[in-house]
Amino acid sequence: MGVPNDDVVLIQKGKRPGEPHVITVNCPDKTGLGCDICRIILDFGLYITKGDISTDGIWCYIVLWVVPHSSSIIRWTNLKNRLMLECPSCSVSFYFNQLSTRPTCSPVYLLKLFCLDRKGLLHDVTQVLCELELSIQRVKVTTTPDGRVLDLFFITDNRELLHTKKRQDETCEQLHAVLGESCINCELQLAGPECDCHQGVTSLSPVVAEELFRFELSDKETRLQALSPDMTKLKKANVVVDNSLSPAHTLLQIHCVDHKGLLYDIMRTLKDCNMKISYGRFSPNSQGYRDLDLFIQQKDGKKIVDPEKQSAICSRLKMEMLHPLRVIIANRGPDTELLVANPVELCGKGRPRVFYDVTLALKVLGICVFSAAIGRYSTSEREWEIYRFLLDENCKFQLSSMVAREQIVDRVRRALMGW
């Protein structure tokens, strides 16, 4: 039955520099499989240039062309293993063995770093953790008056090996190698029972919450999320519903601006809306835009004929494509705070590498982070991961200036969008 386990995921590397690598997934279908595959690929720092997906409700076949989005090292064997763990096994006995051996929730470990402060320190640590496939669940960064930093990272291991001394030593050694003499102490231990897989709850002022979670991006200068002129193209997106081409499926034709993680944003939206994708084609980038054709069904196997449901799914898709992550700068007492909101899937997982992208943008801008934290925040419609950064005033930007704030928000948003 099916195909051998080794053939569930195939990775064909490009023959020449810059040529896309082809990832093929061929396995039994499950709800949200396309979303889960895209999340893992995004987590490895890969950009999907085009793709095809087809399923008959029992079996799923996905082909994705990918290229590295940065200079990060891609561990292809580890990527294949991660993808295979997301796929229902072709062998029933193997599948149930995997379920019995894999924990329902990965254990959380506490990484304590005590360092001398310097520009880019937070991103350098984050980059090491990403390359080691360690996911940041929570973080608490504080700077002492004498210029030292205490970083507390609550992390999980995507390779499920952090309980071993070898893996713990590898993590500390990599951090020491990158941080050099600025690293005073590095400790790694299993977190206490009070730290589980969920983030702590964060609180926001009504004004900040209203601006952070508003539906529309604003092009007015008075808004905290004001768009630079060449970013207004983000507001252009089109979703067309067509029920005439298939007796059993609804066709969604999507035209929108391209960005890093676009296919993931679309897949997670359909997954959270209980929509099944029977066939989909993700066309290559054309002058900065993408076209997608998706034949979908509702959970009950029927097409979407209710006009209200059609309007709701189109509206939701537009919002997630145009505004997948929220970025603002606000005052927090006498300090200046950068806030980034990351939507959380119904399964509890958020978009990967957000902390990496934000800290990279701040490092490039030469802005030090006085303190940082990650928490969860619930609105009436969904749950969000909230990343909060208190910015050090000692930088080239006059943080009280609206122009400077817009420049910082613009640069951070570009890093998150992959522009």
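Structure: above.
Anyway, here's the lowdown on the structure attached to this text. (Residues numbered from 1 in each chain as written. Predicted model: local features only at pLDDT ≥ 70, side-chain atom pairs only at ≥ 80, totals over all residues. Heavy atoms only, no water.)

**Structural notes on the sheet that holds strand β9 (residues 237–242)**
Strands belonging to one sheet form pairs held by backbone hydrogen bonds; the direction of such a pair is parallel or antiparallel. To be explicit about the condition: For two strands to be treated as a pair, DSSP must find no fewer than two bridges joining them. Each helix corresponds to a stretch of at least 4 residues labelled H or I by DSSP, and each strand to a stretch of at least 2 residues labelled E; elements are numbered beginning at the N terminus. Only the stretch in contact is used when fitting a helix axis, every axis being a line fitted to C-alpha atoms; angles between N-to-C directions are given from 0 to 180 degrees. Note on contacts: a residue pair qualifies if any of its non-hydrogen atoms lie within 4.5 Å across the two residues.
Pairing within the open sheet is antiparallel, and its eight strands lie in the order β1-β2-β4-β3-β11-β12-β10-β9. Only two strands of the sheet have a single partner each, and these edge strands are β1 (9–12) and β9. On average, each strand axis in the sheet is inclined to that of its neighbour by 25°, with strand direction left out of account. For strand β3 (residues 46–55) and strand β11 (residues 275–282), the ladder comprises four bridges, and the chain directions are antiparallel. Counted as the bridge partner of D52 is R281 from β11. With respect to the sheet, helix α2 (residues 76–86) is in contact with β1, β2 (21–28) and β3, its orientation differing from that of β1 by roughly 155°. Its contacts with the sheet place helix α7 (residues 262–272) against β3, β4 (59–68), β10 (250–257), β11 and β12 (289–298), and it is angled at close to 20° to β12.

**Here we look at the pattern of salt bridges**
Just so we agree on the cut-off: Salt bridge criterion: a side-chain nitrogen from Lys or Arg within 4 Å of a carboxyl oxygen from Asp or Glu. Throughout, exposure labels follow a simple rule: accessible area from a 1.4 Å probe, protein chains only, divided by the maximum for the residue type, with under 20% read as buried, over 50% as exposed, and the rest as partly exposed.
Scanning the entire structure with this criterion turns up 30 salt bridges. A salt bridge links E86 to K349, with the shortest nitrogen-to-oxygen separation between them at 3.9 Å. Linking E86 in helix α2 with K349 in the loop between β14 (335–343) and α9 (354–365), this pair joins segments that are 263 residues apart in sequence. With relative accessibility at 14%, the residue E86 sits in the buried group. Take K349: its relative accessible area is 39%, and that puts it in the partly exposed class. In the salt-bridge network here, residues are joined through shared partners; they are K30, D36, R39, E86, K271, E345 and K349.

**Brief notes about the nonpolar core**
To keep things clear, this is the line we draw: Buried Ala, Val, Leu, Ile, Met, Phe, Trp, Tyr and Cys residues that are joined via side-chain atoms within 4.5 Å together make up what is termed a nonpolar core.
Core analysis: the biggest nonpolar cluster contains 51 residues, and F153, I155, F389 and V412 have the highest contact counts within it. Leaving out residues up to four positions away in the same chain, I155 has contacts with P107, V108, Y109, L111, L129, L134, S135, I136, Q137, L162 and L188. If you look at the next biggest cluster of nonpolar residues, it comprises 46 residues, including C27, C38, I48 and L317.

**Considerations on α7**
Of all 11 residues in α7, 11 are buried; the element is thus mostly enclosed. Buried residues of α7: L262, L263, Y264, D265, I266, M267, R268, T269, L270, K271 and D272, and no others.

**Details of the environment of L134**
Along the chain, the position of L134 falls in strand β6 (residues 134–143). For the pair L134 and N158, spaced 24 residues apart in sequence, the C-alpha separation works out to 6.0 Å. The residues contacting L134, other than those within four sequence positions of it, are L129, I155, T156, D157, L162, R167 and T171.

**Comments concerning the pairing of strand β7 (residues 148–157)**
Counting buried positions along β7 yields seven of 10 residues, so the element is predominantly enclosed. One ladder, built from eight bridges, connects strand β5 (residues 109–116) with β7; its direction is antiparallel. The residue of β7 that forms the bridge with C115 is V149.

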